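Inside the fold
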Amino acid sequence: MSKLFTPFRLKNLELKNRIAMSPMCMYSAGDDGQITDWHQIHYATRAIGGIGLILQEATAVEKRGRITANDLGIWDDTFVADMKKFVKLIHSLNCKIAIQLAHAGRKCEVKNEKIIAPSAIKWNENYPIPTEMNKKDIRDVIISFTQAATRAVLAGYDAIEIHAAHGYLIHEFLSPLSNHRNDEYGGNTINRTRLLQEILTEIKKIIPTDMPIFIRVSATDYVKGGLNIDETMTIIDIIKDLVDIVDCSTGGLLSPRIDLYPGYQIKFAEKIKNSLNIPTAAIGLITRPEMAEEIVGNERADLVLLGRVLLRQPYWPMYAAHILKADFIYPTQYIRGKY
Ligand code: FNR
């Protein structure tokens with residue numbers, strides 16, 4: 001029997017299988033950050049394809065928290081009505097949906113925005129020097145994340161993922177390479193984790209108690225002096241009571257050359273799951289059904305996230321069920337296309 005096609009439960013979130021779509025920016029929102037026809041078609045197609053959960057792409061909690069001018073946004077109440085319709089569409093296709101709340105920090109490329117970061121260190125030569133955040137900026141960001149979570153609840157999302165990876169604002173606080181602060185938000189691991197911890201604490205106060213929180217981390221910066229798996233585990237230990245599952249990615253703070261091979265990040269999901277006794281999601285060059293089955297079957301992670309493979313094969317779960325000889329409920333309209 002295939003474990004990949006067994007249900008998975010996190011608090012009130014019941015998934016029909018263990019296949020989730022990894023968050024992937026489409027850079028297709030209007031200049032106002034709103035959901036467009038592209039998002040409706042793109043996500044609905046993957047829902048029809050049979051995944052259990054969509055992790056919606058990075059959605060900016062502040063205008064200056066966008067990566068590009070065409071990122072999705074959730075920085076004011078006007079976003080809620082369209083998101084509500086969108087969530088309803090995905091639910092009607094028998095799929096659950098979480099929203100990834102994000103702030104780009106020093107990686108914001110949007111013109112005429114004040115770029116903020118823990119320290120005035122630019123990402124690379126092509127980016128401006130960001131403004132070092134003062135206490136009010138930090139407070140504002142915490143409020144922005146919390147208000148965004150309130151809107152996500154109103155829109156009907158099933159879960160929230162906090163983007164603490166890939167060199168964006170929260171990761172910039174976590175890593176000693178981008179955080180040179182001398183106050184209580186910089187220095188030792190506890191201090192560098194403080195912003196994340198405060199964001200999670202505030203969000204937990206306002207979301208329903210049975211709504212799960214995902215956190216995406218970069219388990220390693222792949223650079224000497226940066227985050228490594230041991231420090232990432234210390235960070236997760238600090239916030240463990242505030243999150244329900246760890247989505248284990250890597251990199252993005254700087255641009256070192258890294259070796260990419262199938263499942264190159266699974267070892268981090270496995271280590272975090274087994275050492276800290278917390279559910280994890282594995283991501284990164286997972287493309288074959290047998291490989292996905294091996295990950296959950298051997299309890300190396302609880303969920304398998306798929307990124308690029310779903311851009312070319314939106315019906316991947318149908319194919320995987322065929323290969324793994326698992327039961328799969330086709331949408332009625334597609335039954336004649338059954339393998
Ligand atoms: C991404 N990725 C990504 N990650 C994230 O946390 N939030 C995001 O919005 C995005 N955006 C994004 C856009 C596109 C076009 C790609 C290809 C990737 C990273 C993604 O979620 C995933 O972690 C990586 O693509 C590795 O997984 P795969 O593609 O090897 O399965």
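Definitions and limits used
- Residues numbered from 1 in each chain as written.
- Predicted model: local features only at pLDDT ≥ 70, side-chain atom pairs only at ≥ 80, totals over all residues.
- Heavy atoms only, no water.
- Axes fitted to C-alpha atoms, helices over the stretch in contact; angles between N-to-C directions.
- Helix = DSSP H or I, 4+ residues; strand = E, 2+ residues; numbered from the N terminus.
- Parallel < 35°, antiparallel > 145°, perpendicular 65-115°, else oblique.
- Contact = heavy atoms within 4.5 Å.
- Nonpolar A, V, L, I, M, F, W, Y, C, P; charged D, E, K, R; others polar.
- Buried < 20%, exposed > 50% of the residue type's maximum accessible area, 1.4 Å probe, protein only.
- Polar contact = N/O pair within 3.5 Å; in protein donor to acceptor, adjacent residues only side chain to side chain.
- Expected span 1.5 Å × (residues − 1).
- Arc of directions from axis to C-beta.
- Near = heavy atom within 4 Å.
- Areas by Shrake-Rupley, 256 points an atom, 1.4 Å probe, with all protein chains shown as cover.
- Core = buried A, V, L, I, M, F, W, Y, C linked by side-chain atoms within 4.5 Å.
- Phe/Tyr/Trp six-rings, centres within 6.5 Å; stacked < 30°, edge-to-face > 60°.
- Lys NZ or Arg CZ within 6 Å of the ring centre and 35° of its normal.
- Left-handed = near helix turned anticlockwise from the far one by under 90°.
- Salt bridge = Lys/Arg side-chain N within 4 Å of Asp/Glu carboxyl O.

Regarding the packing of helix α8 (residues 289–297) against helix α10 (residues 316–324)
At a minimum axis separation of 9 Å, α8 and α10 run at an interaxial angle of 80 degrees. Taken together, the axis directions place α8 and α10 in an arrangement best described as roughly perpendicular. Along its contact with α8, which presents Pro-289, Glu-290, Ala-292 and Glu-293, the element α10 presents Trp-316, Tyr-319, Ala-320, Ile-323 and Leu-324. A breakdown of the residues in the contact of α8 with α10 according to their chemical character gives seven nonpolar, no polar and two charged.

Points about the side chain of Arg-181
By secondary structure assignment, the location of Arg-181 is in the loop between α4 (169–174) and α5 (189–206). Given the relative accessible area of 7%, Arg-181 is considered buried. Reaching out from Arg-181, the side chain makes a polar contact with the backbone oxygen of Met-133 at a distance of 2.8 Å.

With respect to helix α2 (residues 80–92)
Its 13 residues give α2 an end-to-end C-alpha distance of 18 Å, which sits within 8% of 18 Å, the value for a rise of 1.5 Å per residue. The complete set of buried residues in α2 reads Val-80, Met-83, Phe-86, Val-87 and Ile-90. Seen end-on, α2 carries its buried residues on one side only, within an arc spanning 125 degrees. Set apart from the buried face of α2 by more than 90 degrees, the exposed residues are Lys-85, Lys-88 and Ser-92. Elements in contact with the buried residues of α2: α1 (37–49), β4 (53–60), β5 (72–73), β6 (96–102) and α3 (135–155). In the segment just after α2, Asn-94 is the residue with positive phi, at about 65 degrees.

Focus on the site of the ligand
In the vicinity of the ligand lie 14 residues, with Ser-22, Pro-23, Cys-25, Leu-285 and Arg-308 positioned nearest. Between the ligand and the protein, one listed contact pairs an oxygen atom with a backbone N or O atom of Gly-307 at 2.9 Å. Relative to its free-state accessible area of 600 Å², the ligand is covered by the protein chains to the extent of 82%. Its residues assigned to classes, the shell around the ligand comprises six nonpolar, six polar and two charged.

Some words on the nonpolar core
When a protein is soluble and globular, its nonpolar side chains tend to lie buried together. Of all hydrophobic cores here, the largest spans 91 residues; its most connected members are Leu-101, Ile-162 and Leu-196. With eight residues, α3 is the largest single contributor of residues to this core. What Leu-196 contacts, discounting residues up to four positions off in sequence, is Ile-162, Ala-164, Ile-170, Leu-174, Ile-215, Ile-235 and Ile-239. One finds Leu-10, Ala-98, Leu-303 and Leu-305 within the second-largest nonpolar core, a separate group that totals 15 residues.

Thoughts on the packing of aromatic side chains
Counted by the stated rule, this structure contains nine aromatic pairs. When the centroid spacing of 6.3 Å and the interplanar angle of 80 degrees are considered together, the rings of Phe-5 and Phe-328 count as edge-to-face. Separated by 323 residues along the polypeptide, Phe-5 in the segment before β1 (8–10) and Phe-328 in the segment after α10 bring together distant segments of the chain. Across the pair, Phe-328 and Phe-5 agree in class, each one buried. With centroids separated by 6.4 Å and ring planes inclined at 70 degrees, the aromatic side chains of Tyr-261 and Tyr-264 adopt a geometry described as edge-to-face. Between the NZ or CZ atom of Lys-107 and the centre of the ring of Trp-123, over which it lies, the distance is 4.2 Å.

Here we look at the packing of helix α6 (residues 229–239) against helix α7 (residues 266–276)
Helix packing for two helices is described by the angle between their axes and how far apart those axes are. Where α6 contacts α7, the two axes come as close as 11 Å, and the packing angle between them is 45 degrees. With respect to their mutual orientation, α6 and α7 come out oblique. By crossing handedness, the relation of α6 to α7 is classed as right-handed. Two secondary-structure elements touch here, α6 through Ile-229, Asp-230, Thr-232, Met-233, Ile-236 and Asp-237 and α7 through Phe-268, Lys-271, Ile-272, Ser-275 and Leu-276. Of the residues in the contact of α6 with α7, the class split is six nonpolar, two polar and three charged.

Looking at the pattern of salt bridges
The final tally for this structure, using the stated rule, is 22 salt bridges. A salt bridge links Arg-9 to Glu-14, with the shortest nitrogen-to-oxygen separation between them at 2.5 Å. Exposure remark for Arg-9: the relative accessible area of 48% places this residue in the partly exposed category. Judged by relative accessible area, which is 35%, Glu-14 ranks as partly exposed. Each of the salt bridges in this network shares a partner with another, and the network as a whole consists of Lys-135, Arg-181, Asp-183 and Glu-184.

Brief notes about the environment of Arg-151
Position of Arg-151 among the secondary structure elements: in helix α3. Overall, the relative accessible area of 7% leaves Arg-151 in the buried class. Through-space distance from the C-alpha of Arg-151 to that of Lys-273 is 30 Å; in sequence the pair is 122 residues apart. In this view, Arg-151 contacts Ile-74, Trp-75, Asp-76, Asp-77 and Val-80; residues no more than four positions away in its chain are not counted.

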